[in-house]
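# A structural walkthrough
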Amino acid sequence: MLKKILWVLAVLFASITPVAAQQPDVNPVALIPADFAGFVNIRVDNDKDTLVSLDAVRDTASIFQPARVQATGLQSIFSFPIQLEEFDDFIVLDTLTDVEDASFTNDILPWVTGDFVVAYRESGDDFTLDAEDVLFIFPTENIFLAAQSFQRFIAAQSNVEESDYRDVRLYELDESTVAFAENVVFLGSSESIQASLDIMSGEAVGFDEDEAYQIVKQAAPDDALAFAYLTGEESLSALNFILSGGDEASRALLQAIGDAMGRLRTDESLLEYVLSGSADGVGISLVPEDRPKFRANLDAVITVYDAEVGEVTQSSPVDDALLELLPHNTMLMLAGSDVDGFVFDVLSAAPTLNFAGQALQGFSVQPSIASRSGAFSLPTGTDIETAVTTSLAAIQSAAGYSLENSLLNYLSGDYVLAMIPRPNNPTPLFDTRADFLLLAQVDDAEEALDGVTRLVQLTLGVQSLDSSSLDEDGFITVALTATDEPLMRFGVLDDVLVVATGMAAEAVLEAHEGDDRLIDQPQWAAFAEGENPDLYIDLTPFSNTFFPTPGGPGPAVADQLGLWTRYEGDGIFQIDVTVRSDVRS
């Protein structure tokens, strides 16, 4: 015990200059070296709310990628007392401290003041971090307790080398270095800690001086429980890791699609900037919300900044007339006010379908034989643009059909794409576990219907169509000879173009009559108190359709997801994300 006390006193008097000159209001972000690629700033002054939000992020990820992410937080609500997650489930110190039972909850949390930072210099292609590139910055008002907690880490090392830098003692452990400077504890590589000490001494500028970061931070919510920031290149690496697991070829493919979107679109879009990696900075804020502490609820704001943003179509809430046609069992809805841009975004991705399995390996999508064979090289943005424009030109030359002049010019802009589950009865020919539904407002119903009729004939090779009616308005039907169920139906209802696969058209007609509408369901009402979302997912049927569990359907860890996007001007995009549980009750 005496040895322990003497060690703590030695640390304090040898490395803190002076202890009396404490600065309790330390901004850890200001101490991140300027050449770092990203960081996460986590508040611990209300650790329970922060843990709930972090757990909700993991639970949400587990719905879409159950093979990669395991949800645990919500399982405990079925037993009492309810067990919340701990920081140790998210922050692992074993590698840096080389101590197996290192615990953030027990060793760090008792003395951290306000918030702390986990920053990194660079990531690999698979978005993994090497120990020497990670830096923890822990502000504290109790440096005595901090030094005492680190004593056991230092005592467990096979060799400890001590050195001084700018009057601060550095303790080089087996896998990392720890330093105590005024009211801050650093844990990371010696190089990174020295760079932070240069900032503290006024000899260098910190990460917070970066213009893109300042713009993103100012636009982001100021009450975030956790705030992550990534440079543009790193944000693409993170997205690529989520989608593919970090495959290098997948990254190039995403960039090619984003580049093609910029070439084919008239106006620029958020998706274009994210996929191309041209964004200057991306911030992700987990914001507090009044909610039960044991439910997986998530409220997040994603801020994307690009200094080179050109003309952007200002999105507006989709017309309620389209939403009124959505069936009650709609499990996914994507809405927008720029149908032309949406169509060309789809066309930009279409030439890459052979590589979809490679780009989406994180979702357990198997690569196609063509992509595995190596017979096809990855397309560039120019290749995709050429493929799309050449195909459209060939159709116009052979059939006199112009996508823009024959169809898009007769649509007014608002659209909704929806998916309706049918997991146990795949659609004929398409063999999908969901029916697809496209709704688009029209300026000229007759011309729009003629345009989509000709497009279906050209793309499916159908010379004649069965124009049998479902009601007095008359839906044109593309029927299969081998089954009574139609492959596709399309028509116009109240100046809304309806294109539906399988049995979705019948459900649309019921909604048109006021029956079984999505907007009348309690799960939709949970989001409709404000602005209608641009993306809505009913998570339980979505999970059971695409990620079925052995033995039959199982409940998702959360119920509903909603997403809202808007352009704030000056190169700033905002995305609001909300996940809710038990909204049906």
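Here's a quick rundown of the structure. (Residues numbered from 1 in each chain as written. Predicted model: local features only at pLDDT ≥ 70, side-chain atom pairs only at ≥ 80, totals over all residues. Heavy atoms only, no water.)

### Considering the overall build of the protein chain
- Summing up its helical and strand segments, the protein chain has 20 helices and 19 strands in all.
- In the protein chain, 68% of the contacts between residues at least 6 apart in sequence involve partners at least 24 apart.
- In the structure as shown, the protein chain presents an accessible area of about 26,200 Å², 50% of it carried by carbon and sulfur atoms. (Helix = DSSP H or I, 4+ residues; strand = E, 2+ residues; numbered from the N terminus. Contact = heavy atoms within 4.5 Å. Areas by Shrake-Rupley, 256 points an atom, 1.4 Å probe, with all protein chains shown as cover.)

### Side note on the pattern of salt bridges
- Under the counting rule described, the total for this entry stands at 16 salt bridges.
- Two residues, Arg-166 and Asp-198, come together in a salt bridge whose shortest N-O distance is 2.6 Å. Here Asp-198 lies in helix H6 (residues 190-200) and Arg-166 lies in the loop between strand E4 (161-165) and strand E5 (168-172), a separation of 32 residues in the sequence.
- Its relative accessible area of 38% is what places Arg-166 among the partly exposed residues.
- According to the relative accessible area criterion, Asp-198 is buried, its value standing at 17%. (Salt bridge = Lys/Arg side-chain N within 4 Å of Asp/Glu carboxyl O. Buried < 20%, exposed > 50% of the residue type's maximum accessible area, 1.4 Å probe, protein only.)

### Structural notes on unusual backbone geometry
- Residues other than glycine seldom take positive phi values, yet Arg-166 does so here, at roughly 50°.
- Positioned with a positive phi, Asp-167 is a non-glycine residue whose angle comes to about 65°.
- Within the secondary structure layout, Asp-167 lies in the loop between E4 and E5.

### What to know about the packing of helix H9 (residues 248-264) against helix H15 (residues 381-399)
- At a minimum axis separation of 7 Å, H9 and H15 run at an interaxial angle of 50°. Relative to H15, H9 is oriented oblique. Here H9 runs over H15; the crossing is right-handed. For the pair formed by H9 and H15, the contact residues are Ala-256, Ile-257, Asp-259, Ala-260, Arg-263 and Leu-264 on the first element and Gly-381, Thr-382, Ile-384, Glu-385, Val-388 and Thr-389 on the second.
- Classifying every residue of the contact of H9 with H15 gives six nonpolar, three polar and three charged. (Axes fitted to C-alpha atoms, helices over the stretch in contact; angles between N-to-C directions. Parallel < 35°, antiparallel > 145°, perpendicular 65-115°, else oblique. Left-handed = near helix turned anticlockwise from the far one by under 90°. Nonpolar A, V, L, I, M, F, W, Y, C, P; charged D, E, K, R; others polar.)

### A look at the packing of aromatic side chains
- Going through the model one piece at a time under the given rule, you end up with 21 aromatic pairs.
- Ring plane angle 50° and centroid distance 6.3 Å describe the contact between Phe-104 and Phe-138, whose orientation is recorded as tilted. Placement of the pair is Phe-104 in helix H4 (residues 104-108) and Phe-138 in strand E3 (residues 134-139), with a sequence separation of 34 residues.
- For Phe-138, a relative accessible area of 0% translates into the label buried.
- One aromatic cluster is present, formed by Phe-87, Phe-104, Trp-111, Phe-116, Phe-136, Phe-138, Phe-150, Phe-153 and Phe-180 through successive ring pairs.
- The lysine or arginine in question, Lys-217, covers the ring of Phe-227, its NZ or CZ lying 4.3 Å from the ring centre. (Phe/Tyr/Trp six-rings, centres within 6.5 Å; stacked < 30°, edge-to-face > 60°. Lys NZ or Arg CZ within 6 Å of the ring centre and 35° of its normal.)

### What about the packing of H9 against helix H12 (residues 339-349)?
- Interaxial distance between H9 and H12 falls to 9 Å at its minimum, and their mutual angle equals 140°. Accordingly, the angle class assigned to the pair H9 and H12 is oblique. Of the two elements, H9 crosses H12, and the hand of that crossing is right-handed. Packed against H9, whose contacting residues are Ile-257, Ala-260, Met-261 and Leu-264, the element H12 presents Phe-344, Asp-345 and Ser-348 at the interface.

### Considering the nonpolar core
- Among the nonpolar cores identified, the biggest contains 62 residues, and Phe-87, Phe-104, Phe-138, Phe-150, Val-178 and Val-185 are the most heavily contacted of them.
- With six residues, helix H5 (residues 143-155) is the largest single contributor of residues to this core.
- In contact with Val-178, other than residues within four places in its own chain, are Phe-150, Ile-154, Arg-169, Leu-170, Tyr-171, Leu-173, Val-185, Phe-186, Leu-187 and Ile-193.
- Within the second largest apolar cluster, 38 residues are counted, among which are Ala-260, Leu-407, Tyr-415 and Phe-490. (Core = buried A, V, L, I, M, F, W, Y, C linked by side-chain atoms within 4.5 Å.)

### Re the pairing of E5
- Burial runs high along E5: four of the five residues are buried.
- In this sheet, E5 lies alongside E4 in antiparallel orientation, the contact comprising five bridges. Among the inter-strand pairings, Asp-164 is bridged to a residue of E5, identified as Arg-169.
- Alignment of E5 against strand E6 (residues 177-181), held across three bridges, turns out to be antiparallel. When the sheet's bridge partners are listed, Tyr-171 is paired in E6 with Val-178.
- Between the end of E5 and the start of E6, which pair antiparallel, lie four residues. (Pairing = 2+ DSSP bridges.)

### Digging into a negative patch on the surface
- Together, Asp-319, Asp-320, Glu-324, Glu-510, Glu-513, Asp-515, Asp-516 and Asp-520 line one region of the surface with negative charge.
- Counting through the fold element by element, Asp-319 comes out in the loop between strand E10 (298-305) and helix H11 (320-323).
- We classify Asp-319 as partly exposed; its relative accessible area is 32%. (Patch = residues over 30% accessible without salt bridge, like charges linked within 9 Å, V, L, I, M, F, W, Y side chains within 5 Å. Lys, Arg positive; Asp, Glu negative; His and termini not counted. Charge placed at Lys NZ, Arg CZ, Asp CG, Glu CD.)

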